[in-house]
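Topology and contacts: notes
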Amino acid sequence: MKRIGIALVSSFFCVCLCGFFAGCKTIVDAESASSMLSAPSEMTVVTLCVDHRAVRSELGPVLQAIPGYGKEFLVDTTMIPSSGGERDAVVTRVRTEMMAGKGPDLFFCECPLLGQWNSEQKDETALFPFPGQMLESRAFLPLDSYIANAEFMEWEKLFPAVMEAGKGSEGQMLLPLTYSLWNVLICPKDESSPSFQRPMTWREMAASEDPVLRFTAAIGWINDVAGDFADYSKDELRLTEEELLELVQGYSRLRGEAPGNYGEQGGEIIDFSAETLQAVGSGLGDNSKECCMIPCYNISGGVTVNITNFVAINRNTEHPDEAFRVLDYLLSKSVQCTSDLYQNGLLGMPVHLELGQADTPLWGSWYMSEENFREFQALRKEVNTAKFPGPLDAALLKIQEASSGSEEALKAAVHKQYVEMQMMLGES
């Protein structure tokens with residue numbers, strides 16, 4: 001386990017010894033080491049647990065920039081190892097501490113599905129495999145009263161549909177940081193642009209006479225097409241096995257019939273996520289044409305977005321005010337727009353609604369023209385499903401992989417994964 005300093009101890013030498021005997025590597029920069037040595041004994045220390053493959057050095061500078069840091073409080077950050085037996089041990093320890101009424105004050109996590117797409121982590125278990133299910137587990141601190149008095153974040157300007165996904169019966173429990181909207185067809189807005197009633201269901205899209213719409217229906221991931229397919233409050237799937245089979249069969253047929261080259265449709269496919277948009281460059285900026293953005297709609301008649309990173313406060317924390325100050329600052333407009341944490345560490349679009357314009361560029365210089373930003377705003381208004389992708393989504397993607405095989409193989413894959421999804425919900 002890597003530990004990135006900022007702890008209250010009598011000397012920097014003791015910190016290193018503690019890290020060594022605990023089987024951890026303690027990494028402390030000069031500024032943090034100085035803070036440790038000079039910190040008064042009564043200063044609050046907030047403990048932060050990070051379950052993330054990419055975030056490492058980018059987090060420290062953001063934490064140290066929080067007003068009051070080093071004078072009123074410090075943050076002790078534990079990075080869960082990305083793989084191996086040491087990871088399993090740390091995950092088990094943190095969960096056990098939480099059940100015993102203890103554990104870290106704060107959690108900073110990437111969504112489980114992202115790790116499962118990494119071939120080296122397919123067998124790894126996320127700290128919270130089902131974040132949506134955790135909303136009613138009383139594991140996290142309700143945040144509504146803190147949000148009402150927030151100092152840095154602009155709650156009314158954070159993507160409502162995405163933030164709503166972190167809300168349980170007690171109020172806001174999880175705070176999404178970023179989201180991704182995958183497989184959007186971008187084509188010039190002119191007389192050749194598809195004309196259709198927006199939004200529409202995936203089945204209406206798939207049955208359209210317009211080849212552009214049929215093509216766009218075929219490029220979506222099956223877990224996004226299925227939309228909000230799990231009811232975590234009841235630990236059950238919203239689709240029966242027969243309904244899922246029917247959906248996948250239609251999806252498979254469509255992918256076999258749709259044109260294989262999106263260039264034939266006069267546009268290109270992009271994902272609204274950090275890694276893709278940085279590659280696109282200024283393709284949607286002031287020097288670009290006014291574009292039409294066509295998403296792959298889901299079966300309930302809206303757009304699915306996937307939350308890629310989130311934060312939460314442990315209900316057991318003894319330092320709720322200081323812990324929320326950290327989250328409050330992480331969600332400020334300036335941090336989302338300019339910090340190295342969001343620019344290089346986190347996948348996805350920041351949740352602040354105003355970012356991505358000429359005066360609020362992302363990733364250094366990426367932005368959309370006024371016309372294209374308005375189109376993006378309209379696209380976001382069609383979002384009716386925002387979810388924390390995880391093991392259930394991975395199961396549907398396994399079905400998608402089998403969709404190009406025989407009918408018998410497809411039926412077998414649907415049955416196997418459906419049973420496994422039911423078991424995962426029942427055991428979680």
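Owing to the predicted nature of the structure, the values given are computational and were not obtained by experimental measurement. (Residues numbered from 1 in each chain as written. Predicted model: local features only at pLDDT ≥ 70, side-chain atom pairs only at ≥ 80, totals over all residues. Heavy atoms only, no water.)

Topic: the side chain of Asp105
Cut-off, in case you're wondering: Starting at the N terminus, helices and strands are each numbered in turn, a helix being any DSSP run of H or I of at least four residues and a strand any DSSP run of E of at least two. Categorising residues by exposure relies on relative accessible area from a 1.4 Å probe, with only protein chains included: less than 20% of the type maximum marks a residue as buried, more than 50% marks it as exposed, and the intermediate range marks it as partly exposed. Counting of polar contacts relies on pairs of N or O atoms within 3.5 Å, with two restrictions inside protein: one atom must be capable of donating a hydrogen and the other of accepting it, and residues adjacent in sequence are counted only when both atoms are side-chain atoms.
Among the secondary structure elements, Asp105 is positioned in the loop between helix H4 (85-99) and strand S5 (106-110). Since its relative accessible area comes to 6%, Asp105 is described here as buried. At 2.8 Å, the side chain of Asp105 and the backbone nitrogen of Thr47 are in polar contact. Separated by 2.7 Å, the side chains of Asp105 and Thr317 make a polar contact.

Overview of the packing of aromatic side chains
Let me state the cut-off plainly: A pair of aromatic rings is counted whenever rings of Phe, Tyr or Trp (Trp by its six-membered ring) have centres within 6.5 Å, and the orientation is called stacked for planes under 30 degrees apart, edge-to-face for over 60 and tilted otherwise.
Going through the model one piece at a time under the given rule, you end up with 13 aromatic pairs. With centroids separated by 5.4 Å and ring planes inclined at 90°, the aromatic side chains of Phe152 and Tyr329 adopt a geometry described as edge-to-face. With a gap of 177 residues between them, Phe152 in the loop between helix H7 (144-148) and helix H8 (160-164) and Tyr329 in helix H14 (residues 320-330) connect regions that are remote in the sequence. The exposure class of Tyr329 is buried, given its relative accessible area of 14%. Ring geometry for Phe373 and Phe376: centres 6.4 Å apart, planes at 55°, overall tilted.

Section: the pattern of salt bridges
Between side chains of opposite charge, a pair can form when the charged atoms approach closely. Applied cut-off: Salt bridges are identified by distance alone: a Lys or Arg side-chain nitrogen within 4 Å of an Asp or Glu carboxyl oxygen.
Per the counting criterion, the structure on display carries 17 salt bridges. One salt bridge connects Lys157 with Glu154, and the closest N-O pair in it is separated by 3.4 Å. Residue classification places Lys157 among the partly exposed residues on the basis of a relative accessible area of 27%. Salt bridges sharing common partners tie together Lys189, Arg198, Glu290, Glu375 and Glu382.

As for H4
For clarity, the threshold we go by: Helices are assigned an expected span. That span is 1.5 Å times one less than the residue count. Here, the arc refers to the directions that run from the helix axis to the C-beta atoms.
The end-to-end C-alpha distance of H4, which contains 15 residues, comes to 21 Å, matching closely the 21 Å that a straight helix rising 1.5 Å per residue would cover. For H4, the full list of buried residues reads Arg87, Val90, Val91, Val94 and Met98. Along the long axis of H4, the arc covered by the buried residues comes to 100°, so they all point the same way. Facing away from the buried side of H4 by over 90 degrees, the exposed positions are Gly85 and Met99.

Side note on the nonpolar core
Applied cut-off: By convention a nonpolar core is built from buried Ala, Val, Leu, Ile, Met, Phe, Trp, Tyr and Cys residues, the set being connected through side-chain atoms within 4.5 Å.
Among the nonpolar cores identified, the biggest contains 126 residues, and Phe108 and Phe272 are the most heavily contacted of them. Looking at which element gives the most residues to this core, the answer is strand S8 (residues 174-188), with 9 residues.

What to know about the confidence of the model for the protein
Residues shown with low pLDDT carry predicted positions that ought not to be read at fine detail. Test applied: Per-residue confidence from the predictor is given as pLDDT, running between 0 and 100. Any two residues whose heavy atoms approach within 4.5 Å at even a single point are treated as in contact.
Here the protein averages 85 in pLDDT, while 83% of its residues score no lower than 70. pLDDT under 50 marks residues 1-34. Its contacts with residues more than four places away, or in other chains, come to 63 contacts. Across residues 114-123 the pLDDT falls below 50, and counting only partners more than four positions away or on other chains, this stretch makes 16 contacts in the model.

Remarks on the state of the cysteines
Convention followed: Here, a disulfide means two cysteine sulfur atoms that sit within 2.5 Å of each other.
Applying the stated criterion to the full structure yields 0 disulfides. This cysteine, Cys291, is not joined by any disulfide, and Cys187 carries the nearest cysteine sulfur, 7.7 Å off. Classification of Cys291 by relative accessible area gives buried; the value is 7%.

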